Amino acid sequence: QVQMVQSGAEMKKPGASVKVSCKASGYSFNDNFVNWVRQAPGQGLEWLGRIDPKSGGTNYAQRFQGRVTMTRDTPTSTIYMELNSLRLDDAAVYFCARSGSHDGLDYWGQGALVTVSS
Amino acid sequence: DIQMTQSPSSVSASVGDRVTITCRASQNINNFLSWYQQKPGRAPKLLIHSASSLQNGVPAGFFGSGSGTDFTLTITNLQPEDFGTYFCQQTYSISQTFGQGTRVEI
């Protein structure tokens with residue numbers, strides 16, 4: 001079965017960087033884009049961007065351009081999301097999610113809590 | 001970015017009720033609209049894709065409709081397990097955006 005398993009919680013100081021991983025299994029890794037979505041406490045969902053595992057090509061939300069980097073490691077079927085220059089308002093749960101064959105995000109990771117505090 | 005506006009922000013309903021949630025896009029998105037259900041502490045779950053197609057494994061009772069700018073999610077015969085927050089999402093634009101969510105309380 002399809003699974004997206006993320007790395008654990010992180011605690012960072014403002015200005016630092018965080019790198020979250022997402023290991024995909026149960027399907028052909030190259031066949032589906034992987035997206036990153038975050039959710040601040042008590043808030044809605046915010047899309048950060050996506051990566052094409054086949055080519056490594058990326059699309060980022062404009063507000064994160066220059067601050068986010070998404071990469072993949074094909075041999076381990078793992079996707080990485082690195083966010084730099086962390087601010088207090090970057091504190092959130094970060095989800096990876098697979099793009100479905102038709103539309104929408106059909107399989108999600110369990111989420112990784114990123115805490116930003118001085 | 002395309003703005004997605006959901007209404008209402010919350011709704012309280014009883015078991016067996018019919019609940020309707022609307023989502024309006026700031027520009028035409030054809031049928032590139034998905035609906036998700038999220039429960040506290042859990043990842044969102046895809047319910048509807050392509051505006052009206054039920055995702056595999058989602059129980060009957062969830063209906064999506066609409067195209068262009070106006071969309072609706074209808075939950076018929078509300079069940080206790082249907083509580084949670086519902087989000088719409090557009091994937092028409094490469095820069096995807098979500099609605100702000102609708103909390104459904106039983």
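Above: the structure in question.
## Focus on the sheet that holds strand S1 (residues 3-6) of chain A
All names here are of chain A.
Step number 1: The four strands lie next to each other as S1-S3-S8-S7, forming an open sheet whose pairing is antiparallel. The sheet is open, and its two edges are formed by S1 and strand S7 (68-73), each paired on a single side. Sheet twist, expressed as the mean angle between neighbouring strand axes with direction ignored, is 20 degrees.
Step number 2: Two strands pair when backbone bridges link them, and S7 and strand S8 (residues 78-83) are joined in this way by six bridges, in the antiparallel orientation. Directly across from Met70, in S8, lies its bridge partner Met81.

## Thoughts on the packing of aromatic side chains
Step number 1: The tally for this structure, following the rule as stated, stands at five aromatic pairs over all chains.
Step number 2: Look at Tyr36 of chain B and Phe98 of chain B: their rings are 6.1 Å apart centre to centre, the planes differ by 55 degrees, and that puts the pair in the tilted class. Remark: Phe98 of chain B occurs in strand S10 (residues 97-98) and Tyr36 of chain B occurs in strand S4 (residues 33-38); sequence separation between them is 62 residues.
Step number 3: Residue classification places Phe98 of chain B among the buried residues on the basis of a relative accessible area of 9%.
Step number 4: Seen from their ring centres, Phe62 of chain B and Tyr86 of chain B are 6.4 Å apart, and the 35 degrees between their planes marks the pair as tilted. Note that Phe62 of chain B is positioned in strand S7 (residues 62-67) and Tyr86 of chain B in strand S9 (residues 84-90), a separation of 24 residues in sequence.
Step number 5: In this structure Phe62 of chain B comes out as buried when scored by relative accessible area, which is 7%.
Step number 6: By relative accessible area, Tyr86 of chain B is classed as buried at 0%.
Step number 7: Following the ring pairs from residue to residue traces out a cluster consisting of Phe95 and Trp108 of chain A together with Tyr36 and Phe98 of chain B.
Step number 8: The ring of Phe33 of chain A is capped by Arg50 of chain A, whose NZ or CZ atom sits 4.3 Å from the centre of that ring.
Step number 9: The ring of Tyr27 of chain A carries Arg98 of chain A above its face, with NZ or CZ at 4.6 Å from the centroid.

## Section: the state of the cysteines
Residues and elements named next belong to chain A.
Step number 1: Applying the stated criterion to the full structure yields two disulfides over all chains.
Step number 2: Residue pairing for Cys22: its cysteine sulfur links by disulfide to Cys96, the two sulfurs lying 2.1 Å apart. What sets the handedness of the Cys22 and Cys96 disulfide is the S-S torsion sign, and at about 75 degrees it is right-handed. Within this pair, whereas Cys22 is found in strand S3 (residues 18-25), its partner Cys96 is found in strand S9 (residues 92-99), the two being separated by 74 residues in sequence.
Step number 3: A relative accessible area of 0% places Cys22 in the buried class.

## Some thoughts on the environment of Gly41 of chain B
Step number 1: Mapped onto the elements, Gly41 of chain B comes out in the loop between S4 and strand S5 (45-49).
Step number 2: Remark: the alpha-carbon pair of Gly41 of chain B and Ile106 of chain B, spanning 65 residues in sequence, is separated by 18 Å.

## Quick word on the pattern of salt bridges
Residue and element names in this part refer to chain A.
Step number 1: With the rule as written, the count across this model stands at seven salt bridges over all chains.
Step number 2: Ionic pairing is found between Asp106 and Arg98, a salt bridge with its closest N-O pair at 2.7 Å.
Step number 3: Among the charged side chains, a salt-bridge network with shared partners connects Arg38, Glu46, Arg63, Arg67 and Asp90.

## With respect to the pairing of S8 of chain A
Step number 1: Across six bridges, the pairing between S3 of chain A and S8 of chain A is antiparallel. Bridge assignment links Val20 of chain A to a residue of S8 of chain A, and that residue is Met81 of chain A.

## Quick notes on the sheet that holds S7 of chain B
Residues and elements named next belong to chain B.
Step number 1: If you walk across this open sheet you meet the four strands as S1-S3-S8-S7, and the pairing is antiparallel. Each having just a single partner strand, strand S1 (4-7) and S7 make up the two edges of the open sheet. Averaged over all pairs of adjacent strands, the angle between strand axes in this sheet comes to 15 degrees, irrespective of strand direction.
Step number 2: With six bridges joining them, S7 and strand S8 (residues 70-75) adopt antiparallel strand pairing. Residue pairing across strands places Ser67 opposite Asp70, the latter belonging to S8.

Quick notes on the rules
- Residues numbered from 1 in each chain as written.
- Chains lettered and ligands numbered in written order.
- Predicted model: local features only at pLDDT ≥ 70, side-chain atom pairs only at ≥ 80, totals over all residues.
- Heavy atoms only, no water.
- Pairing = 2+ DSSP bridges.
- Helix = DSSP H or I, 4+ residues; strand = E, 2+ residues; numbered from the N terminus.
- Axes fitted to C-alpha atoms, helices over the stretch in contact; angles between N-to-C directions.
- Phe/Tyr/Trp six-rings, centres within 6.5 Å; stacked < 30°, edge-to-face > 60°.
- Buried < 20%, exposed > 50% of the residue type's maximum accessible area, 1.4 Å probe, protein only.
- Lys NZ or Arg CZ within 6 Å of the ring centre and 35° of its normal.
- Disulfide = S-S within 2.5 Å.
- Salt bridge = Lys/Arg side-chain N within 4 Å of Asp/Glu carboxyl O.

The values are spatial; any link to function lies outside them.
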